[in-house]
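Coordinates in review
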Amino acid sequence: SQQGEEDPQALSIQEGENATMNCSYKTSINNLQWYRQNSGRGLVHLILIRSNEREKHSGRLRVTLDTSKKSSSLLITASRAADTASYFCATDSLSGNTPLVFGKGTRLSVIA
Amino acid sequence: GAGVSQSPSNKVTEKGKDVELRCDPISGHTALYWYRQSLGQGLEFLIYFQGNSAPDKSGLPSDRFSAERTGGSVSTLTIQRTQQEDSAVYLCASSLGQGFTEAFFGQGTRLTVV
């Protein structure tokens, strides 16, 4: 089963614009992570936000977490063509010893 | 090793044959995950190993799928009597442990059943 659901499914923007992707989940979580997948196979970890955190920054990335709404957003500022990829959120359950469960992802296209 | 290694990178097999996919996790990582990804889709959880605990097999789609992890390190995912719907990219990941840690992914094995 998939815990997270990303929104939108696909997003196309011009280089330099900001990109915002959202993730909703169903059960209480330990933490929420965002991953990136280029047109290839391996996923790369971008950022982790803990359940007691509300916002986190890493370079051009900004992640927010609202546990009351069971949702998170990933903002990429000043996007570049190289940001073109699929982005996934992943959660693990507060109940412990559970695997990371991924959403279906958002496909981001940044047009130069 | 430097990262998670999966082999083979690509595998073409005939329907009905058995296949074995291998994953070498990062040394010292106690958690190991297998996922399946069909074209353009999200990651479907298959199985999760954490230390010496019993594996979480809740994601395995049928009894044709099985996995083991020997010595807390290398893992093998076996698919018996492959079907065309098994065609997908099979991804393995490892992490230091559950909770508060990032997962490192291999490049996957692309399985094509013809």
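Data block above holds the structure.
Now for a quick tour of the structure. (Residues numbered from 1 in each chain as written. Chains lettered and ligands numbered in written order. Predicted model: local features only at pLDDT ≥ 70, side-chain atom pairs only at ≥ 80, totals over all residues. Heavy atoms only, no water.)

**Points about the sheet that holds strand S7 (residues 75-79) of chain B**
Through backbone hydrogen bonds, the strands of a sheet pair up, either in parallel or in antiparallel fashion. Residues and elements named next belong to chain B. The strand order across the open sheet built from four strands is S1-S3-S7-S6, with neighbouring strands paired in antiparallel fashion. The open sheet has two edge strands with one neighbour each: strand S1 (5-7) and strand S6 (65-69). When strand polarity is set aside, the average angle formed by the axes of neighbouring strands in this sheet is 15 degrees. (Pairing = 2+ DSSP bridges. Helix = DSSP H or I, 4+ residues; strand = E, 2+ residues; numbered from the N terminus. Axes fitted to C-alpha atoms, helices over the stretch in contact; angles between N-to-C directions.)

**A closer look at unusual backbone geometry**
With an omega dihedral of 0 degrees, the bond running from Asp-7 of chain A to Pro-8 of chain A counts as a cis peptide bond. By the element assignment, Pro-8 of chain A lies in the loop between strand S1 (5-7) and strand S2 (10-14). The step from Ser-7 of chain B to Pro-8 of chain B runs through a cis peptide bond, and the omega angle for that step is -10 degrees. Note on placement: Pro-8 of chain B falls in the loop between S1 and strand S2 (10-13). The phi torsion at Lys-70 of chain A lies on the positive side, around 50 degrees, for a residue other than glycine. Among the secondary structure elements, Lys-70 of chain A is positioned in the loop between strand S7 (61-66) and strand S8 (71-76). Among the residues examined, Lys-70 of chain A registers a relative accessible area of 27% and is labelled partly exposed. You will see that Arg-81 of chain B, though not glycine, has its phi angle at about 50 degrees, which is positive. You can see Arg-81 of chain B is positioned in the loop between S7 and strand S8 (88-95). Arg-81 of chain B gets classed as partly exposed once you look at its relative accessible area, which sits at 43%. (Buried < 20%, exposed > 50% of the residue type's maximum accessible area, 1.4 Å probe, protein only.)

**Side note on the interface of chain B and chain A**
With 28 residues of chain B in contact, the opposing surface of chain A contributes 23 residues. Carbon and sulfur atoms make up 51% of the area that chain B and chain A hide from each other, which totals about 2000 Å². Joining chain B to chain A, the criterion identifies zero salt bridges. There are three residue pairs in polar contact (both at pLDDT 80 or more) connecting chain B and chain A. (Contact = heavy atoms within 4.5 Å. Buried area = accessible area lost by both parts, 1.4 Å probe. Salt bridge = Lys/Arg side-chain N within 4 Å of Asp/Glu carboxyl O. Polar contact = N/O pair within 3.5 Å; in protein donor to acceptor, adjacent residues only side chain to side chain.)

**With respect to the sheet that holds strand S6 (residues 55-58) of chain A**
All names here are of chain A. Strand order in the open sheet formed by five strands is S1-S3-S8-S7-S6, and the pairing between neighbours is antiparallel. Whereas interior strands pair on both sides, the edge strands pair on one side only; in this sheet they are S1 and S6. The mean angle between the axes of side-by-side strands here comes to 20 degrees, regardless of whether they run parallel or antiparallel. Judged from the three bridges that link them, S1 and strand S3 (residues 19-24) form a sheet pairing that is antiparallel. From the neighbouring strand, Asp-7 faces S3, where its bridge partner is Asn-22.

**Some remarks on the state of the cysteines**
Covalent bonding between the sulfur atoms of two cysteines is what defines a disulfide. Residues and elements named next belong to chain A. The full count for this structure, using the stated rule, is two disulfides over all chains. The disulfide bridge from Cys-23 ends at Cys-89, spanning 2.0 Å between sulfur atoms. Judged by the torsion about the S-S bond (65 degrees), the Cys-23/Cys-89 disulfide is right-handed. Here the residue Cys-23 occupies a position in strand S3, and Cys-89 occupies one in strand S9 (residues 85-93), the gap between them amounting to 66 residues. (Disulfide = S-S within 2.5 Å.)

**Remarks on the packing of aromatic side chains**
Within the structure shown, the criterion is met by eight aromatic pairs over all chains. Ring centres of Tyr-35 of chain B and Phe-45 of chain B lie 6.2 Å apart, and the angle between their planes is 65 degrees; this geometry places the pair in the edge-to-face category. One end of the pair, Tyr-35 of chain B, is in strand S4 (residues 31-37); the other, Phe-45 of chain B, is in strand S5 (residues 44-50), with 10 residues separating them in the sequence. Chaining the aromatic ring pairs together yields one cluster made of Tyr-35 and Phe-102 of chain A together with Tyr-33, Tyr-35, Phe-45, Tyr-48 and Phe-105 of chain B. (Phe/Tyr/Trp six-rings, centres within 6.5 Å; stacked < 30°, edge-to-face > 60°.)

**So, the nonpolar core**
Soluble globular proteins: nonpolar side chains tend toward being buried together. Among the nonpolar cores identified, the biggest contains 21 residues, and Met-21, Leu-32, Trp-34, Leu-74, Ile-76, Tyr-87 and Leu-108 of chain A are the most heavily contacted of them. Looking at this core, the elements that each hand over two or more residues are S2, S3, strand S4 (29-37), strand S5 (43-50), S7, S8, S9 and strand S11 (106-111) of chain A. Listed in part, the 20 residues of the second largest apolar core include Cys-23, Phe-49, Ile-79 and Ala-88 of chain B. (Core = buried A, V, L, I, M, F, W, Y, C linked by side-chain atoms within 4.5 Å.)

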